[in-house]
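The residues making up each chain are set out below.
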Amino acid sequence: MKKIIISTIAVSALLFTVSCNTDFDTDVEDIVVTKGEADFSNYVALGNSLTSGYRDGTLYSGGQAESYPSMIAMQMKLAGGGEFKQPMMPNNVGGFSDLLDAQGKILFPGKLILKMVNGALAPVPSPPAAALDNVAAGRPYNNMGVPGAKSFHLVAPNYGSAAGLLTGTANPYFVRFASSATTSVLADAMVQKPSFFSLWIGNNDVLSYATNGGTNSQTTGGVTTYTAATVQNGNTNPATYRSNDISDANVVAGSIKGVLDGLKSVGSTKGIIANIPDVTNIPFFTRVPYNAIPLDAAKAQSLNSQLYGPLKAALTAFGQGDRINPVAAGNNPVLIIDNKLANLSAQLTAALTAGGVPATQAAFIGNAFGRARQAKPGELMLLTSSSLLGLDATTNQPATPTSVFIYGASFPIGDQYSLTTDEVNNISTAVKAYNTSIRSMADAYGLAFVDMNAKMTELNSKSGISWNGVKYTATFVTGGTFSLDGVHLTGRGYAVVANEFIKAINMKYKSTLPQVDPNKYSGVTFP
């Protein structure tokens with residue numbers, strides 16, 4: 001139950017290919033390359049971390065070299081495309097050693113690498129290799145992807161101001177290459193007057209909500225508390241949003257329209273726009289099942305008699321008996337905190353004390369289980385929960401045979417580690433609204449359109465997709481397409497994305513750009 005365990009069998013399976021037909025329409029050979037009705041001489045890509053080449057939990061030079069825009073630009077050069085410059089990180093580790101929070105914790109660690117932890121391979125962050133640098137002198141940059149950017153950040157002035165890092169109104173990745181402290185991502189793109197552009201934005205307007213379990217956090221005096229994030233329906237002022245709130249659909253649509261209007265005003269009318277995938281299709285949310293607690297018959301009986309039975313009886317008396325049910329031999333639901341539940345800590349403490357449980361222990365259990373329940377089918381455990389499940393809740397060390405309170409089994413994990421049914425629905429509703437607007441704007445502005453939501457759904461299916469006999473899926477690590485952070489792609493995954501963009505460009509503009517070969521790019525690196 002602890003850590004992200006990657007078996008040697010799974011690793012071995014990754015080294016073999018599966019004989020399948022290629023799922024792409026064209027291969028990379030024997031194509032007469034033409035630009036069709038497009039002009040690829042000055043291609044500029046706008047977006048967030050997915051556009052920048054971010055992977056393994058950070059931005060580093062090796063990942064940038066395999067960004068999907070750089071792959072597209074490589075194919076565009078065959079049809080008259082120009083050079084494609086990226087604001088390269090100074091090393092292949094990433095992170096910023098000088099950006100710390102109030103407690104002195106590094107905010108931007110280096111890339112995740114696989115190491116042996118307690119006898120199993122697990123992703124571990126590297127120490128950042130350098131301080132925040134500035135590469136503005138190398139402008140202009142064709143890759144304008146800014147990790148962490150939400151839709152409204154692309155049109156926000158001062159997003160590249162170093163002074164804004166202290167207040168959270170600026171982004172260090174844009175600070176690195178912004179033309180001035182007062183500029184915006186859009187403004188720096190407009191100056192270049194792209195002959196062709198790509199835009200993939202909106203993911204982060206819902207992703208930060210999802211990856212934080214639908215919560216916002218606040219740290220005071222070294223103590224971090226979590227409260228429910230807000231679905232900002234009807235609030236069109238993003239300045240009032242907290243970091244993990246879901247953006248109002250009109251804000252997302254308005255921001256994207258602002259980008260397209262800005263580009264149109266400088267003559268940049270040909271390009272491609274992509275919708276966003278439902279984030280619950282990616283490994284960060286699918287790796288850990290809702291019933292990730294394996295128990296044998298003896299352990300289940302012990303938990304039922306000592307914990308689950310008394311808790312259920314007390315909760316039933318309060319009309320909340322459905323929160324907890326007896327466990328059994330086999331896989332059982334994870335105990336989670338659901339902050340939407342009424343807090344019954346005081347009532348539970350009193351009931352347990354009256355039932356003969358020592359006062360100190362009764363208070364401990366009562367406080368822990370006041371908003372606790374078992375996870376339900378369809379609810380999602382975040383990838384981050386894998387580092388907590390199975391630990392002794394009193395020591396945060398691996399559980400021993402004498403451990404009484406074990407995260408997930410006999411002690412609930414925090415609200416920030418799971419997505420409840422309501423939270424999953426909030427995400428799905430937002431994604432559908434965003435994508436409806438993106439599709440309509442592609443039509444209104446005469447742009448090529450990429451249905452990345454459909455492609456990621458296909459990738460997340462059992463059959464996945466294949467290229468020249470190699471099968472790719474969204475399975476964590478062994479599927480080949482997702483990096484160690486479970487959200488961002490590997491080089492091979494970005495190649496899959498590049499091909500979807502290329503196919504849509506060719507269809508819209510009658511060009512014949514060849515697709516790239518995903519098998520030639522990098523996947524997860526094993527020690």
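1. Digging into the pairing of strand β8 (residues 215–220)
Phase 1: Relative to strand β9 (residues 223–228), β8 is paired through 6 bridges, and the arrangement is antiparallel. Within β9, the position partnered with S217 by the bridge is Y226.

2. As for the packing of helix α4 (residues 68–76) against helix α15 (residues 491–509)
Phase 1: Two numbers describe how α4 lies on α15: the axes approach to 8 Å, and their chain directions differ by 50°. The orientation of α4 with respect to α15, classified from their angle, is oblique. As for the relative orientation of α4 and α15, their crossing is right-handed in sense. Contact residues: α4 offers Y68, M71, I72, Q75 and M76, while α15 offers G491, Y494, A495, V497, A498, F501, I502 and I505.
Phase 2: The residue inventory of the contact of α4 with α15, partitioned by class, reads 11 nonpolar, 2 polar and no charged.

3. With respect to the pattern of salt bridges
Phase 1: Following the criterion strictly, the structure yields 13 salt bridges and no others.
Phase 2: A salt bridge links K510 to E37, with the shortest nitrogen-to-oxygen separation between them at 3.5 Å. Of the two residues, K510 is situated in the segment after α15 and E37 in the loop between α1 (8–14) and β1 (43–47); the sequence distance between them amounts to 473 residues.
Phase 3: Its relative accessible area of 55% is what places K510 among the exposed residues.
Phase 4: Residue class for E37 comes out partly exposed when judged on its relative accessible area of 42%.
Phase 5: The network of salt bridges with shared partners includes K455, E458, E500 and K503.

4. Some points on the environment of F449
Phase 1: Note on placement: F449 falls in strand β17 (residues 448–450).
Phase 2: Residue F449 is classed as buried on the basis of its relative accessible area, which comes to 17%.
Phase 3: Along the chain, F449 and F501 lie 52 residues apart, while their C-alpha atoms are 8.1 Å from each other.
Phase 4: Apart from residues lying up to four places away in sequence, F449 is in contact with I272, I273, N275, I438, R439, A442 and A504.

5. Quick look at the sheet that holds β1
Phase 1: Here we have 5 strands laid out as an open sheet, ordered β6-β1-β7-β10-β17, and parallel in their pairing. The sheet is open, and its two edges are formed by β6 (143–145) and β17, each paired on a single side. Averaged over all adjacent pairs, the angle separating strand axes in this sheet is 15°, with direction ignored.
Phase 2: Here β1 runs beside strand β7 (residues 196–200); their pairing, made up of 5 bridges, is parallel. Residue pairing across strands places A45 opposite S198, the latter belonging to β7.

6. Concerning the confidence of the model for the chain
Phase 1: Of the residues in the chain, 94% have a pLDDT of 70 or more, and the chain-wide mean is 92.
Phase 2: Here residues 1–21 scores under 50 on pLDDT; set against residues more than four positions off or in separate chains, the count is 48 contacts.

7. Let's talk about the nonpolar core
Phase 1: L46 and F501 are the most contacted members of the largest nonpolar core, which totals 105 residues.
Phase 2: It is α15 that provides the largest number of residues to this core, a total of 10 residues.
Phase 3: Leaving out residues up to four positions away in the same chain, F501 has contacts with Y68, I72, S198, W200, I272, A274, V450 and M452.
Phase 4: Formed by 37 residues, the second largest nonpolar core is a distinct cluster that contains L307, Y308, L388 and Y407.

8. Looking at the packing of aromatic side chains
Phase 1: Taken as a whole and assessed by the stated rule, the structure comprises 19 aromatic pairs.
Phase 2: Measuring from ring centre to ring centre gives 6.0 Å for F152 and Y241, while their planes differ by 85°; the resulting arrangement is edge-to-face. Of the two residues, F152 is situated in the loop between β6 and α5 (172–175) and Y241 in the loop between β9 and α8 (249–265); the sequence distance between them amounts to 89 residues. Taken individually, F152 and Y241 each receive the classification buried, so the pair is uniform in this respect.
Phase 3: Relative to F285, the ring of F284 lies with its centre 5.1 Å away and its plane at 70°, an arrangement referred to as edge-to-face.
Phase 4: Note on F284: relative accessible area 8%, which makes it buried.
Phase 5: Grouping aromatic residues by their ring pairs yields a cluster made of F40, Y43, F84, F196 and Y509.
Phase 6: Above the ring of Y60, the side-chain terminus of K111 is found at 4.4 Å from the ring centroid.

Reading the values: the criteria
- Residues numbered from 1 in each chain as written.
- Predicted model: local features only at pLDDT ≥ 70, side-chain atom pairs only at ≥ 80, totals over all residues.
- Heavy atoms only, no water.
- Pairing = 2+ DSSP bridges.
- Helix = DSSP H or I, 4+ residues; strand = E, 2+ residues; numbered from the N terminus.
- Axes fitted to C-alpha atoms, helices over the stretch in contact; angles between N-to-C directions.
- Parallel < 35°, antiparallel > 145°, perpendicular 65-115°, else oblique.
- Left-handed = near helix turned anticlockwise from the far one by under 90°.
- Contact = heavy atoms within 4.5 Å.
- Nonpolar A, V, L, I, M, F, W, Y, C, P; charged D, E, K, R; others polar.
- Salt bridge = Lys/Arg side-chain N within 4 Å of Asp/Glu carboxyl O.
- Buried < 20%, exposed > 50% of the residue type's maximum accessible area, 1.4 Å probe, protein only.
- pLDDT = per-residue confidence, 0-100.
- Core = buried A, V, L, I, M, F, W, Y, C linked by side-chain atoms within 4.5 Å.
- Phe/Tyr/Trp six-rings, centres within 6.5 Å; stacked < 30°, edge-to-face > 60°.
- Lys NZ or Arg CZ within 6 Å of the ring centre and 35° of its normal.

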